[in-house]
Amino acid sequence: SGPLDKEQMQGLRGVREFLKVRTSYDVLPLSFRLVVLDNNLLIRKSLNILIQNGIVSAPLWDSKNSTFAGLLTSTDFINVIQYYCQYPDEIGNIDQFRLCSLRDIERAIGVLPLETVSVHPMRPLYEACRRMLKTRARRIPLVDRDDETGREMVVSVITQYRILKFIAVNNEQYTMLLKKAVRELGLGTYKDLATATMGSSVLDVIHLMVKYNISAVPIIDKNNKVLNLFEAVDVIPCIKGGAYDELSATVGEALSRRAEEFGGIYTCNEDDRLDAIFDTIRKSRVHRLIVVDDDNRLKGIISLSDILKYVLLYGEEDDDIEY
Ligand code: ADP
């Protein structure tokens, strides 16, 4: 191993130490707003609330039992869509479904319910990261207990995006040591990529996301050049107002309805170094990077979980510590 390897490990160790001495609570901004949805709310209404608040997920609250009842995410809406595809005659009932029926929907379409892991906000951030990687969760709720009533309370939700941003902003002295290129690290996925074209239907792309268990599909032209990216969160505006029949619309049409504040898509090259990727994460709203060649042709995709996994686990012997 050369000096580059040594420096790289030094950078990784620095970041890991940082994650062990900071808590999930540290990631939260000084003041923030948390939208919590009552489990009894109609799914249709929850969709409007997410859109109105410019958010893509929210913790659920069971007010009958005063307990945290899981997270509502775009996966739940994708499940409802799958239900609609399997039981199209049910469309009238789908409109009346409440958030608490999401578990029944999972059962009806035969998907395993996602494990609802949570962490205490004062536990080390490293622990939240490990749990996310282990359960493949993209976000994790911070759940505390009220001293007086003994009840559970959801303090906030942290995402892989927030954590990587927090790392990037606070560890420039370590991330600058990560000089190895994407190609050398084998960072991301390069084989068997799920892709679609502008003319594919939204439903086709949703089926791809379910089949591959992924949250985004690159949209390419006939020369394999990258035109756009369809993300799981793009499904939300598609079914606003119960417009399930419009899912046969094309990806092109759906993407034209993206909100004004859409952050754009980010690409990188296989020769880009990890320190440069951290610079991009520091400066922009990156949720994944599409790897392209010099002619903008699709090569691969790097998800935030790919980056987090590398940063946390590369070279660690205790690969499967349990928390
Ligand atoms: P995250 O868990 O960060 O939200 P994804 O669910 O999109 O990311 O990705 C999960 C895994 O699948 C990652 O290892 C990623 O490289 C890979 N992946 C992401 N998108 C695609 C795709 N379109 N085709 C094939 N693999 C993908």
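Caption draft 1: Local environment of the overall build of the chain. Broken down by element type, the chain carries 15 helices and 10 strands. For 323 residues, the compact-globule estimate of 2.2 N^0.38 gives 20 Å, and the C-alpha radius of gyration of the chain, at 20 Å, lies within 12% of that figure. Taken along the three principal axes of its C-alpha coordinates, the chain extends 65 × 60 × 35 Å. Expressed as a percentage of the 323 residues in the chain, the buried residues total 46%. When contacts within the chain are restricted to residue pairs at least 6 apart in sequence, long-range pairs at least 24 apart make up 66% of them. Total accessible area on the chain is roughly 16400 Å²; 47% of this is exposed by carbon and sulfur atoms. Charge-centre separation for the chain: the mean point of 41 positive side chains lies 2 Å from the mean point of 46 negative side chains.

Caption draft 2: Quick look at the pairing of strand β5 (residues 152-159). Among the eight residues in β5, six count as buried, and that is most of the element. The hairpin formed by strand β4 (residues 139-145) and β5 contains six residues between the paired strands, and G150 there has a positive phi angle of roughly 75°.

Caption draft 3: Region of interest: the sheet that holds strand β1 (residues 37-38). Here three strands make up an open sheet; going across it, the order is β1-β2-β3 and the pairing mixed. Looking along the sheet, the strands with just one partner apiece sit at the ends: β1 and β3 (67-72). One ladder, built from two bridges, connects β1 with strand β2 (residues 58-62); its direction is parallel. Each residue of the ladder has a partner; that of D38, found in β2, is W61.

Caption draft 4: Just the pattern of salt bridges, in detail. According to the stated counting rule, one finds 19 salt bridges in the structure shown. Its salt-bridge partner being E172, residue R282 comes within 3.5 Å of it at the nearest N-O pair. Of this pair, R282 sits in helix α14 (residues 274-283) while E172 sits in helix α9 (residues 172-175), placing them 110 residues apart in sequence. The class for E172 is partly exposed, based on a relative accessible area of 44%. Here E231 and R288 are joined by a salt bridge, their closest N and O atoms 2.5 Å apart. Residue E231 is found in strand β7 (residues 226-231), and its partner R288 is found in strand β9 (residues 288-292); the two are separated by 57 residues along the sequence. Across this residue pair, the class does not change: E231 and R288 are buried.

Caption draft 5: How the structure looks around the packing of aromatic side chains. Applying the stated criterion to the full structure yields five aromatic pairs. Between Y310 and Y314 the ring centres are 5.1 Å apart and the planes differ by 35°, which places this aromatic pair in the tilted class. Owing to a relative accessible area of 8%, Y310 belongs among the buried residues under this scheme. These aromatic residues form a ring-pair network of at least three members: Y83, Y87 and F97. Lying across the ring of Y126, K20 places its NZ or CZ 4.6 Å from the centre.

Caption draft 6: Just the site of the ligand, in detail. The ligand sits among 17 residues. The nearest are R138, T189, A194, S215 and D306. Within the side chain of S215, an N or O atom sits 3.0 Å from an oxygen atom of the ligand. Take L304: an N or O atom from its main chain is 3.5 Å from an oxygen atom of the ligand. Against a free-state accessible area of 550 Å², the protein chains account for coverage of 90% of the ligand. Those elements giving two or more residues to the shell around the ligand turn out to be β6 (216-220), β10 (298-303) and α15 (304-313). At three residues, the largest contribution of residues to the shell around the ligand is made by α15. A class-by-class count of the residues in the shell around the ligand yields seven nonpolar, six polar and four charged. Two domains each put at least three residues into the shell around the ligand: domain 1 (14-167) and domain 2 (180-307).

Caption draft 7: Region of the structure containing unusual backbone geometry. Even without being glycine, R136 reaches a positive phi, approximately 60°. Even without a glycine there, the phi angle at N213 is positive, about 55°. Within the fold, N213 resides in the loop between α11 (202-212) and β6.

Caption draft 8: Broad picture of helix α6 (residues 102-109). The set of residues buried in α6 consists of L102, I105, E106 and I109. In a view along the axis of α6, the buried residues occupy a sector of 100°, so they form one face of it. The elements touched by buried residues of α6 are α3 (43-53), β3 and α4 (74-86). Looking one or two residues past α6, G110 carries a phi angle of roughly 75°, positive in sign.

Caption draft 9: Region of interest: the domain arrangement of the chain. What the domain assignment reports for the chain is domain 1 (14-167) and domain 2 (180-307). Computed from C-alpha atoms alone, the centre-to-centre distance between domain 1 and domain 2 is 22 Å. Facing the 23 residues of domain 1 at the interface are 29 residues of domain 2. Buried area between domain 1 and domain 2, summed over both chains or domains, comes out near 2400 Å², and the portion from carbon and sulfur atoms is 74%. On the domain 1 side of the contact with domain 2, I81, Y161 and L164 bury the most area, a combined 26% of that side's loss. Between domain 1 and domain 2 we count zero salt bridges in total. On inspection of domain 1 and its partner domain 2, the count reaches five residue pairs in polar contact (both at pLDDT 80 or more). Elements with a contribution of two residues or more to the side of domain 1 that touches domain 2: α3, α4, α5 (91-94) and α8 (160-170). Per element, the largest residue contribution to the side of domain 1 that touches domain 2 is eight residues, and it comes from α4.

Scoring rules and cut-offs
- Residues numbered from 1 in each chain as written.
- Predicted model: local features only at pLDDT ≥ 70, side-chain atom pairs only at ≥ 80, totals over all residues.
- Heavy atoms only, no water.
- Helix = DSSP H or I, 4+ residues; strand = E, 2+ residues; numbered from the N terminus.
- Rg over C-alpha atoms; globule rule 2.2 N^0.38 Å.
- Buried < 20%, exposed > 50% of the residue type's maximum accessible area, 1.4 Å probe, protein only.
- Contact = heavy atoms within 4.5 Å.
- Areas by Shrake-Rupley, 256 points an atom, 1.4 Å probe, with all protein chains shown as cover.
- Lys, Arg positive; Asp, Glu negative; His and termini not counted.
- Charge placed at Lys NZ, Arg CZ, Asp CG, Glu CD.
- Pairing = 2+ DSSP bridges.
- Salt bridge = Lys/Arg side-chain N within 4 Å of Asp/Glu carboxyl O.
- Phe/Tyr/Trp six-rings, centres within 6.5 Å; stacked < 30°, edge-to-face > 60°.
- Lys NZ or Arg CZ within 6 Å of the ring centre and 35° of its normal.
- Near = heavy atom within 4 Å.
- Polar contact = N/O pair within 3.5 Å; in protein donor to acceptor, adjacent residues only side chain to side chain.
- Nonpolar A, V, L, I, M, F, W, Y, C, P; charged D, E, K, R; others polar.
- Domains from an automatic or database assignment.
- Arc of directions from axis to C-beta.
- Buried area = accessible area lost by both parts, 1.4 Å probe.

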